[in-house]
Amino acid sequence: MPSSSPSTTAATSPTVRPARETPGSATTSPHAYDAGLLLLRLVLGLTMAAHGSQKLFGWFGGGGIDGTGQFFTMSGYPAGTTMAVVAGLTETMGGLALAVGLLTPLAGAAIVGTMVNALAVTWGGGFFAPKGSEYELLLTAGAAALALTGPGRYAVDRFLPVVRAHRLAYGVAAVVVGLVAAGVILLLRK
């Protein structure tokens, strides 16, 4: 009976990843990477979902649709109430999908698109809070990084055949879609 070598088995198995080594360091468990991606997805996704619920429902001290709509109107966006609903739904649904690892490239792209618009609003206030853009930039970069890397093994995507084997091309395409959508919305802004 022929036997397969360990390297062949590890290379062809979709659930087994070889341990990664870096020069001068010990071998790192692939579970460490997946746990790190899970932590990033949970924190970033739930943060965005909370921001979306501020816009949609007025939770956590948010303005709700009316208050957020007024903010969008003052920031130069047409149809402020509609923009509040779109931003609120994108942040809430994209954040929840990111947290559980569902369609991660698209969830990351939704956050990227929303946060690029937030960056446009805060850009002139410098880099640091309270009027700066470092928070929005960090959320944008984190969402783009998750879209590019994939969710890791502790995610709903592991059960979806189309995105189970994450490809960099999926992430790049999703981020491009998010950036294009953000650009279209920014073109509508006065």
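Above this text you will find the structure in question.
Every chain is numbered on its own, with residues counted from 1 as its sequence reads. Under the rules for a predicted model, residues below a pLDDT of 70 receive no local features and side-chain atom pairs below 80 are neither given nor counted, while totals for whole chains, interfaces and linings still include all residues. Computation of side-chain values: all heavy atoms of the structure, hydrogens and water removed.

A. Structural context of the nonpolar core. The term nonpolar core refers to a set of buried residues drawn from Ala, Val, Leu, Ile, Met, Phe, Trp, Tyr and Cys, joined through side-chain atoms within 4.5 Å. A simple rule labels every residue: compare its accessible area, found with a 1.4 Å probe on the protein chains alone, to the largest value its type can have, and call it buried under 20%, exposed over 50%, or partly exposed in between. The biggest cluster of nonpolar side chains holds 17 residues, and the ones touching the most others in it are L44, M48, L98 and I111. Helix and strand labels come from DSSP, where a helix needs a run of H or I of at least four residues and a strand needs a run of E of at least two; each type is numbered from the N terminus. Among the elements of the structure, helix 2 (30-57), helix 4 (80-100), helix 5 (104-122), helix 6 (134-149) and helix 8 (168-188) are those that each provide at least two residues to this core. Not counting chain neighbours up to four residues away, the residues in contact with I111 comprise L44, M48, T90, E91, G94, G95, L98, L139 and A143. Y77, M83, A84 and A87 belong to the second-largest nonpolar core, a separate cluster that totals 5 residues. Any two residues whose heavy atoms approach within 4.5 Å are treated as being in contact.

B. Geometry of a nonpolar patch on the surface. Exposure above 30% relative accessible area and the absence of a salt bridge qualify a residue for a patch, where like charges join within 9 Å and nonpolar side chains (Val, Leu, Ile, Met, Phe, Trp, Tyr) within 5 Å. In short, Shrake-Rupley with a 1.4 Å probe defines the accessible areas, and a residue's cover is counted only from the protein chains shown. One side-chain nitrogen of Lys or Arg within 4 Å of one carboxyl oxygen of Asp or Glu is enough to make a salt bridge. A surface patch of nonpolar side chains, about 630 Å² in accessible area, is lined by L39, L42, V43, L46, L89, M93 and L96. Elements supplying a minimum of two residues to the nonpolar patch: helix 2 and helix 4. Relative to the helices and strands, L89 resides in helix 4.

C. Spotlight on the pattern of salt bridges. Under the defined criterion, the tally for this structure stands at 2 salt bridges. Taking the shortest distance from any N to any O, the salt bridge between R153 and D34 comes out at 2.6 Å. Here R153, found in the loop between helix 6 and helix 7 (161-164), pairs with D34, found in helix 2; they are 119 residues apart in sequence, far enough to count as distant. Just as R153 is buried, D34 falls in that class too.

D. View of helix 4. To estimate how far a helix should reach, multiply one less than its number of residues by 1.5 Å. Its 21 residues give helix 4 an end-to-end C-alpha distance of 30 Å, which sits within 8% of 30 Å, the value for a rise of 1.5 Å per residue. If you check which residues of helix 4 are buried, you get G80, M83, A84, A87, G88, E91, T92, G94, G95, A97, L98 and A99. The inward-facing, buried residues of helix 4 contact helix 2, helix 3 (64-74), helix 5, helix 6 and helix 8. Once helix 4 ends, the next one or two residues include G101, with phi positive near 75°.

Remember, this is a structural readout, not a statement about activity or role.
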